[in-house]
Amino acid sequence: MSKILYLCKFYFWISMFTGIIEKTGRIVNIEKDRTNFHFTLEVDFADELSIDQSMAHDGCCLTVVKLDKDKKQYVVTAMEETMLKTNLGTWKVGDEVNLERSMRMDGRFDGHIVQGHVDQTAVCEKVVDENGSWRFYFTYDPEKNNFTVPKGSISVNGVSLTVVDSEKGRFSVAIIPYTYKVTNFHNFKPGSVVNIEFDVFGKYVQRLLEEYFNNREK
């Protein structure tokens, strides 16, 4: 129990995002530099950004490396490991990207703890129109030992959501009209690849339980 409490305190200190999307930005340029990719994005709050600032892009934490406040554009760089583990390799000029600046510690915590560390990608299986809301179904590789639970938290492209249906390698989320409009969920269709970050507390509880049972077997 003491380990779990310590981890809770630790992650409240280092957690960076809440999964509440501020705006969608638009990709205006992509430049490859050896194994790195430089993405130029345009968003109306670019003039409020600063160099070295962390920001979640479809749930992936990237650092602002260049700014053009007059054009309301900025540049972030993704290295090879990031490209392999996320959906950034599918990005194209003109695509919409969900954006969230790092959270302030003196404000309300409206979503759930999101680190901006993508665990793996998932594929949109189907979208169901539920007459006023939408149900999105996603599948992911269950061999990577990630999991969901009903009513648990999950981040999809950086959006803090509650799991509705939960199966091994598959889950669904319900999207209200506001979220559908202000995020890039309105672009999703069967086959769309998204970034997934599973609940950090669930991951650490899982690891602690694995260690506990492994030690019991020794």
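The text that follows walks through the structure, step by step, so that each part is easy to find. Quantities reported herein were computed from a predicted structural model and do not represent experimental measurements.

Analysis parameters
Residues numbered from 1 in each chain as written. Predicted model: local features only at pLDDT ≥ 70, side-chain atom pairs only at ≥ 80, totals over all residues. Heavy atoms only, no water. Salt bridge = Lys/Arg side-chain N within 4 Å of Asp/Glu carboxyl O. Helix = DSSP H or I, 4+ residues; strand = E, 2+ residues; numbered from the N terminus. Buried < 20%, exposed > 50% of the residue type's maximum accessible area, 1.4 Å probe, protein only. Pairing = 2+ DSSP bridges. Axes fitted to C-alpha atoms, helices over the stretch in contact; angles between N-to-C directions. Patch = residues over 30% accessible without salt bridge, like charges linked within 9 Å, V, L, I, M, F, W, Y side chains within 5 Å. Areas by Shrake-Rupley, 256 points an atom, 1.4 Å probe, with all protein chains shown as cover. Phe/Tyr/Trp six-rings, centres within 6.5 Å; stacked < 30°, edge-to-face > 60°.

**Some words on the pattern of salt bridges**
- As enumerated under the stated definition, the model contains eleven salt bridges in all.
- Residue glutamate 125 pairs with arginine 170 through a salt bridge whose shortest N-O separation is 2.6 Å. Linking glutamate 125 in strand S7 (residues 120-129) with arginine 170 in strand S11 (residues 170-175), this pair joins segments that are 45 residues apart in sequence.
- By sharing partners, the salt bridges in this structure join Glu22, Glu48 and Arg101 into a single network.

**Brief notes about the pairing of strand S8 (residues 134-139)**
- Most of S8 is tucked away: five of the six residues are buried.
- The pairing of S7 with S8 spans six bridges and is antiparallel. Residue pairing for S8: valine 123 is matched across the bridge by threonine 139.
- The turn joining S7 and S8, which pair antiparallel and follow one another in sequence, is formed by four residues; a positive phi near 60° is taken by asparagine 131.

**Considerations on the sheet that holds strand S2 (residues 36-42)**
- The sheet built from six strands closes into a barrel, its strands ordered S1-S2-S5-S4-S3-S6 with antiparallel pairing. Across the sheet, the axes of successive neighbouring strands diverge by a mean angle of 45°, strand direction being ignored.
- Here strand S1 (residues 23-33) pairs with strand S6 (residues 96-101) via four bridges, running antiparallel. Residue pairing for S6: threonine 24 is matched across the bridge by asparagine 98.

**Section: unusual backbone geometry**
- In this structure, arginine 34 is a non-glycine residue whose phi angle is positive, near 55°.
- Given a relative accessible area of 69%, arginine 34 falls into the exposed group.

**Regarding a nonpolar patch on the surface**
- A cluster of nonpolar side chains, Val205, Leu209 and Phe213, forms an exposed patch at the surface whose accessible area comes to about 260 Å².
- When you line up the elements, phenylalanine 213 lands in helix H4 (residues 200-217).
- Relative accessible area serves as the criterion here: at 44%, phenylalanine 213 is assigned to the partly exposed category.

**Description of the packing of aromatic side chains**
- The full count for this structure, using the stated rule, is twelve aromatic pairs.
- Where phenylalanine 136 meets phenylalanine 185, the ring centres are 5.0 Å apart and the plane angle is 85°; that geometry is what we call edge-to-face. Placement of the pair is phenylalanine 136 in strand S8 and phenylalanine 185 in the loop between helix H3 (177-182) and strand S12 (193-198), with a sequence separation of 49 residues.
- When its relative accessible area of 0% is taken as the criterion, phenylalanine 136 is described as buried.
- Seen from their ring centres, tyrosine 140 and phenylalanine 198 are 5.2 Å apart, and the 65° between their planes marks the pair as edge-to-face. Separated by 58 residues along the polypeptide, tyrosine 140 in the loop between S8 and strand S9 (153-156) and phenylalanine 198 in strand S12 bring together distant segments of the chain. Like tyrosine 140, the residue phenylalanine 198 is buried in the burial classification.
- Three or more aromatic residues link up through ring pairs in this structure, and these residues are Phe136, Phe138, Tyr140, Phe171, Phe185, Phe188 and Phe198.

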